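Structural characterization, general
Now for the letters of each chain:
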Amino acid sequence: PAAAAAPPPPPPPGASVSASAPRATKHVYGRRKTDEELDEEADAMAESTLKTLLEGENGDEVREKRLPPLKAKLKEKLRKADEEQAGKAATPAAPPPPPKFEAAQEREPVMEALAFVPGVLGGGSDDSSSMILRSMAQLQEGRNRTVQETQDQAAEMAAMLASGNTIAPAGMFIEEFEINDYPEIARKRISHREPLAAIEELSGGAKLWIKGQYHADARKMPEGARKLFVEITGPTQITVQKAKNEVRKMMEALAIRTLNIPGVSRDVIGRAGRYDPATGK
C-alpha cells in the first residue's frame, strides 16, 4: 500500500500565495482551517485508524471501500470543531464585573480609634494588641449598654407619667392625699406655696406638689385623668406620714370654717381661708 503523503510545509513569512492556492478564511479573533488542511488531517486520521487493515491482505479493498466514508466523517467532525473553536475565539471574553464596594458602615468614634491603638503604644506583641482591642471593645459595649438602659428608663418613666401614676425616686418614699372633694377655699389655700413650705418644714424634709385636675363630677372625667391631689415624697416613711397628716389637718380645718356653724366663734375655728400649720388654726 502507498504511504500517505505528508502535508506540505507552510510558506515562509513574506512569501506570496498563488491565486490557485485555497485561501484561509480568517476571523477577527481567530483563523479557520482551509478545506485542504481539513482534508489532509482527516485523511491522516482515517489511515491511522485503518492502519492494521490497510497493511493486511485486503488492503486495497479496504482503502477503496472503507477509507473514503471514514475520511468524510472525520473531515465533517474536524470542520465542526474548527467552526466552534473559531466562534469561541471570535467572541470577546466578557469583562470581569466591577468590584462591589460595600457601603461604608457608620462606626463609633471609639471603634475607629482601635486600628491606631497598637501603633500609638509602640507596636507591642500580638497578645498585647489583642488585649487592648478587647478592652476597648468592652468599654464601647458598656457605654452602649448604659445609653440603652437610660433610654429604657426614660421611656418607662414617660409611660408612667402619661398614665398618671406617681413614681418614687430611688431611696425615697411617696404618699398621696386627694383634695379634689374639699371645698374650693381649702383647695385654693393648699395650692399656695406658703402653707406647703410650712408643712415641709414641720415634717422635717418632705416635699409637696399639687398634681392632677379638679373634677366636679367623676363620671365625666376623661380616660387616664387624675383628680386633684397632693403628692408627698420624703427620705423616710415617718417624714412622709407626718406631712400627710399635716395636709389632712389643714384641709379639714379649712373645710370646717366654710360651714358657718351657729354658736361657734371664729376664735375657736379660725378665719375662713386662713390656716397656720404651726398653730393648727
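Let me sum up the structure you'll find in this document.

What counts and how
Residues numbered from 1 in each chain as written. Predicted model: local features only at pLDDT ≥ 70, side-chain atom pairs only at ≥ 80, totals over all residues. Heavy atoms only, no water. Helix = DSSP H or I, 4+ residues; strand = E, 2+ residues; numbered from the N terminus. Buried < 20%, exposed > 50% of the residue type's maximum accessible area, 1.4 Å probe, protein only. Areas by Shrake-Rupley, 256 points an atom, 1.4 Å probe, with all protein chains shown as cover. Axes fitted to C-alpha atoms, helices over the stretch in contact; angles between N-to-C directions. Parallel < 35°, antiparallel > 145°, perpendicular 65-115°, else oblique. Left-handed = near helix turned anticlockwise from the far one by under 90°. Contact = heavy atoms within 4.5 Å. Nonpolar A, V, L, I, M, F, W, Y, C, P; charged D, E, K, R; others polar. Phe/Tyr/Trp six-rings, centres within 6.5 Å; stacked < 30°, edge-to-face > 60°. Lys NZ or Arg CZ within 6 Å of the ring centre and 35° of its normal.

1. Concerning the overall build of the protein chain
Across its full length, the protein chain holds 11 helices and 3 strands. Along the protein chain, helices and strands appear, N-terminal first, in the series α-α-α-α-α-α-α-β-α-α-β-β-α-α. For the protein chain, the proportion of its 281 residues judged to be buried stands at 23%. Element-wise, carbon and sulfur atoms account for 55% of the exposed surface of the protein chain, whose accessible area totals about 20300 Å².

2. Brief notes about the packing of helix 9 (residues 193-203) against helix 10 (residues 237-257)
In contact at an axis separation of 9 Å, helix 9 and helix 10 are set at 140° when each is read in the N-to-C sense. One way to sum up the angle between helix 9 and helix 10 is to call them oblique. Two packed elements cross with a definite hand, and for helix 9 against helix 10 that hand is right-handed. Two secondary-structure elements touch here, helix 9 through Pro195, Ile199, Leu202 and Ser203 and helix 10 through Thr239, Lys242, Ala243, Glu246, Val247 and Met250. Looking at the contact of helix 9 with helix 10, its residues break down into 6 nonpolar, 2 polar and 2 charged.

3. Here we look at the environment of Val62
Tracing the backbone shows Val62 in helix 3 (residues 59-65). Along the sequence, Val62 and Leu50 sit 12 residues apart, while their C-alpha atoms lie 8.2 Å from each other. Residues within four places of Val62 in sequence aside, it is in contact with Leu50, Leu53, Leu54 and Leu67.

4. Quick notes on the environment of Met251
With respect to the helices and strands, Met251 occurs in helix 10. By relative accessible area, which is 0% here, Met251 ends up buried. In this structure the C-alpha to C-alpha distance between Met251 and Ile190, which are 61 residues apart in sequence, comes to 7.6 Å. If sequence neighbours within four positions are ignored, Met251 has contacts with Phe177, Ile179, Tyr182, Ala186, Arg187 and Ile190.

5. Quick notes on the packing of aromatic side chains
Taken as a whole and judged by the stated rule, the model has 1 aromatic pair. Seen from their ring centres, Phe177 and Tyr182 are 6.1 Å apart, and the 35° between their planes marks the pair as tilted. Like Phe177, the residue Tyr182 is buried in the burial classification. The ring of Phe229 is capped by Arg226, whose NZ or CZ atom sits 4.4 Å from the centre of that ring.

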